[in-house]
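# Descriptive analysis of the structure
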Amino acid sequence: MDRIRYIHLSELYFRVMWIFALMLYILIPLQSGAVSFVYRGIVLITFGCCFLLFLMALRKNRIFVRNKEIVYIILLVVTILISFLLNDRAISFDPQIIGVLGFIEMPVAIMLMDCLDYSEKNTKFVLRINILIAIVFSILSVTRYAYSGILDSLYLGYSNPNATAIYLLLNQAILIMFLPTIRQLLLKCLIVGLCIYEEYLIYLTDSRTCLVVSLVMVVYFFFGKNIKIPKWVIIVAMFFPLVFLLTYSNMYASGKYMDLQILGKEFYSGREVYFLEQINQLSENYLFGNVRLHYFTNMHNGPLAIIASCGILGYIWWFLFYYGTIRRYYSNATSKLQYMALVAILGVFIHSSSEAALIVGGAHYSIIVATFYWILKGKANRYGNKREKH
């Protein structure tokens, strides 16, 4: 009975969050005032469900997630609290508290999804709502919202081309994951068409990082989906954004590759100057960071945003949580769908080399990325089977 309660609460969270994600994709281009309420609702529901699960766990004298990674989250929260105490900048609910809650929201979402059954009902729900999201993007691409910004790149009515590319990438990742599991020919053709079109739309955003991650997923889908990824690749992918940050900044400081262009754009995008400035400032609060000043804002690099906000200690606890979760889930992976989910997760880390949004979390990013982990954990069966084994 206790397990059933966990599952029902996690399933309610899972479905409501995905519906909110779909709503945001529609409401943001319309510049609706309801957007801020949806954002707040996501935060409140996430932590409300987590609190209820925690209460149920206390009644049974056990932790509701059956893993040790929750210890790392507790240590991460403690480190953030210490960062608040060690700095004297004024605190406000928005943006400081909201920024911190957004960052913690993603690991909390992953823990909530750990209680969710991998069932045909839930996989159908994810696939169907992502088909709807892809259709929303396709419709926006032929309306006045397509190029609604100051740049010549694709916007689709969202804040900037990079955000648009991230939305497209996440949606395409879900569709590609489920593609091998679909039996119905018409449904498979629809999803293939949507994925190809979204690849084209990502190209139009001029987001090189998203385009590279997307192409890696496509290449793995066609040529590597029967290959199990070695564990050392996981570590390399997770450390890559930090190595990129240090290497890229050092190359700029030493004057290397100043005339290099990639895909028609200069190798140095302007972020290297910002990176150098922020790295030089880290020496003042390198251990605990300054969460009052940075509060996990998008500093165009995931590790930089984390270290600036909660220091090297916070980064260590963050790293250990995600690595431990991935290793635990991946150790039992046997299906192509699970392997594709891991590629998507590693793509999130690689993408954080140039954008921190998918690492610092918040809003609808959390439920989407948490779904990647849920798919990696679950035992995948062909979409459309009448019965699944667990």
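Report on the accompanying structure. Throughout, residues of each chain are indexed from 1 in the direction in which the sequence is written. Given that this is a predicted model, residues contribute local features only at a pLDDT of at least 70 and side-chain atom pairs are listed and counted only at 80 or more, while totals for whole chains, interfaces and linings are drawn from all residues. Heavy atoms throughout the structure, all of them, feed into the side-chain values; hydrogens and water do not.

### Re the overall build of the protein chain
Rule in force here: The numbering of helices and of strands both runs from the N terminus, where a helix is a DSSP run of H or I of at least 4 residues and a strand a run of E of at least 2. Atoms considered for the radius of gyration are the C-alpha atoms alone. The globule rule reads 2.2 Å times the number of residues to the power 0.38. The buried label applies to any residue whose accessible area, calculated with a 1.4 Å probe on protein chains only, is under 20% of its type's maximum; exposed applies above 50%, and partly exposed to all values in between. Here, two residues are considered to be in contact whenever any of their heavy atoms come within 4.5 Å of each other. Only the protein chains shown count as cover for residues, and the accessible areas themselves come from Shrake-Rupley with a 1.4 Å probe. In summary, the charge assignment counts Lys and Arg as positive and Asp and Glu as negative, without counting His or the chain termini. Where a charge lies is defined by one atom per residue type, namely NZ (Lys), CZ (Arg), CG (Asp) and CD (Glu).
When helices and strands are counted, the protein chain shows 15 helices and two strands. Here the C-alpha radius of gyration of the protein chain, 20 Å, is about what a compact globule of 390 residues would show, namely 21 Å. With the C-alpha coordinates of the protein chain rotated into their principal frame, the extents come out at 60 × 55 × 45 Å. Looking at the 390 residues of the protein chain, the share that counts as buried comes to 57%. Contacts spanning at least 24 positions in sequence make up 77% of the contacts within the protein chain whose residues lie at least 6 apart. Per element, the accessible surface of the protein chain, about 17,600 Å² overall, is 65% carbon and sulfur. Measuring between centres, the 33 positive side-chain charges of the protein chain sit 15 Å from its 20 negative side-chain charges.

### A few points about the packing of aromatic side chains
Convention followed: Planes of paired rings set the category: under 30 degrees apart is stacked, over 60 is edge-to-face and the rest tilted, where pairs are Phe, Tyr or Trp rings (Trp by its six-membered ring) whose centres lie within 6.5 Å. Counting as a charge over the ring demands two things of the Lys NZ or Arg CZ atom: a distance within 6 Å of the ring centre and an angle within 35 degrees of the ring normal.
Within the structure shown, the criterion is met by 26 aromatic pairs. Arranged with centres 5.3 Å apart and planes meeting at 50 degrees, the rings of Trp318 and Tyr322 form a pair that is tilted. With Trp318 and Tyr322 both in helix H12 (residues 302–330) and four residues apart, this pair spans about one turn of that helix. On the accessibility criterion, Trp318 (3% relative accessible area) is buried. Tyr322 sits in the buried class, given a relative accessible area of 3%. Both rings, one in Tyr322 and one in Tyr373, keep their centres 6.0 Å apart while their planes meet at 55 degrees; by these two values the pair is tilted. Here the residue Tyr322 occupies a position in helix H12, and Tyr373 occupies one in helix H15 (residues 365–377), the gap between them amounting to 51 residues. By relative accessible area, Tyr373 is classed as buried at 2%. If you follow Arg144 out to its NZ or CZ, it ends over the ring of Tyr145, 4.4 Å from the centre.

### Notes on a nonpolar patch on the surface
To keep things clear, this is the line we draw: Within the patch definition used here, like charges are joined within 9 Å and nonpolar side chains (Val, Leu, Ile, Met, Phe, Trp, Tyr) within 5 Å, considering only residues with over 30% relative accessible area and no salt bridge. Whenever Lys or Arg places a side-chain nitrogen within 4 Å of a carboxyl oxygen from Asp or Glu, that contact is recorded as a salt bridge.
A contiguous nonpolar patch, built from Tyr286, Leu287, Ile312 and Ile316 and spanning about 350 Å² of accessible area, is present on the exposed surface. In this structure, Ile316 sits in helix H12.

### Quick notes on the packing of helix H4 (residues 93–113) against H12
The following threshold applies: Angular values range over 0 to 180 degrees, each being the angle between N-to-C directions of two axes fitted as lines to C-alpha atoms, with helices fitted over their stretch in contact. Note that the term roughly parallel is reserved for angles under 35 degrees, roughly antiparallel for angles over 145, roughly perpendicular for angles of 65 to 115, and oblique for everything else. It is the rotation of the near helix from the far one that decides the hand of a crossing: anticlockwise by less than a right angle makes it left-handed, clockwise makes it right-handed. When residue character is reported, Ala, Val, Leu, Ile, Met, Phe, Trp, Tyr, Cys and Pro are called nonpolar, Asp, Glu, Lys and Arg charged, and the others, Gly included, polar.
Between H4 and H12, the shortest axis-to-axis distance is 12 Å and the interhelical angle comes to 15 degrees. Overall, the two elements H4 and H12 adopt an arrangement that is roughly parallel. The hand of the H4/H12 crossing is left-handed. From H4, Phe103, Met106, Pro107, Ile110 and Met111 reach across to H12, where they touch Ile306, Trp318, Phe321, Tyr322, Thr325 and Tyr329. Among the residues making up the contact of H4 with H12, the classes are represented as 10 nonpolar, one polar and no charged.

### A few points about the pattern of salt bridges
Between side chains of opposite charge, a pair can form when the charged atoms approach closely. Inspection of the entire model under this criterion finds six salt bridges. Connected through salt bridges with shared partners, the residues Glu11, Arg15 and Lys121 form a single ionic network.

### Description of the environment of Asn285
By secondary structure assignment, the location of Asn285 is in the loop between helix H10 (271–281) and helix H11 (291–294). On a C-alpha basis, the gap between Asn285 and Leu86 in space is 9.3 Å, while along the polypeptide they are 199 residues apart. Not counting residues within four places of it along the chain, the set of residues in contact with Asn285 comprises Asn87, Asn290 and Gly311.

### Let's talk about the side chain of Ser83
Put simply, the rule reads: Here a polar contact is recorded for every N or O atom pair within 3.5 Å, except that within protein the pair must consist of a potential hydrogen donor and a potential acceptor, and residues adjacent in sequence are included only if both atoms are side-chain atoms.
Counting through the fold element by element, Ser83 comes out in helix H3 (residues 69–86). Here Ser309 takes part through its backbone oxygen, which lies 3.2 Å from a polar atom of the side chain of Ser83.

### Some details on helix H8 (residues 208–224)
What counts here: One less than the number of residues in a helix, times 1.5 Å, gives the span that helix is expected to have.
If you check H8, its first and last C-alpha atoms are 22 Å apart, about what 17 residues at 1.5 Å a residue would give, namely 24 Å. If you check which residues of H8 are buried, you get Arg208, Cys210, Leu211, Val213, Ser214, Met217, Tyr220, Phe221 and Gly224.

### A few points about unusual backbone geometry
For Phe296, which is not glycine, the phi torsion reads 60 degrees and is therefore positive. Structurally, Phe296 can be placed in the loop between H11 and H12. Relative accessible area serves as the criterion here: at 5%, Phe296 is assigned to the buried category. Positive phi, close to 65 degrees, is recorded for His300, a residue that is not glycine.

### A closer look at H3
Taking 1.5 Å per residue as the helical rise, H3 with its 18 residues ought to reach 26 Å, and the 26 Å between its terminal C-alpha atoms agrees with that figure. Among all positions of H3, only Glu69, Ile70, Tyr72, Ile73, Leu76, Thr79, Ile80, Ser83 and Phe84 are buried. Elements that come into contact with the buried residues of H3 comprise H4, H11 and H12.

### Comments concerning the side chain of Ser352
Structurally, Ser352 is set in the loop between helix H13 (336–351) and helix H14 (357–360). Note on Ser352: relative accessible area 2%, which makes it buried. Contacts of Ser352, omitting those with residues within four sequence positions, involve Pro241, His300, Asn301, Gly302, Pro303 and Ile359.

### As for the packing of H12 against H13
Taken N-terminus to C-terminus, the directions of H12 and H13 make an angle of 165 degrees; their axes are 11 Å apart at the nearest point. Taken together, the axes of H12 and H13 lie roughly antiparallel to each other. As H12 packs across H13, the resulting crossing turns out to be left-handed. The segment H12 lies against H13, with Trp318, Tyr322, Ile326 and Tyr330 engaging Tyr339, Leu342, Ile345 and Phe349. Grouping the constituent residues of the contact of H12 with H13 by class yields eight nonpolar, no polar and no charged.

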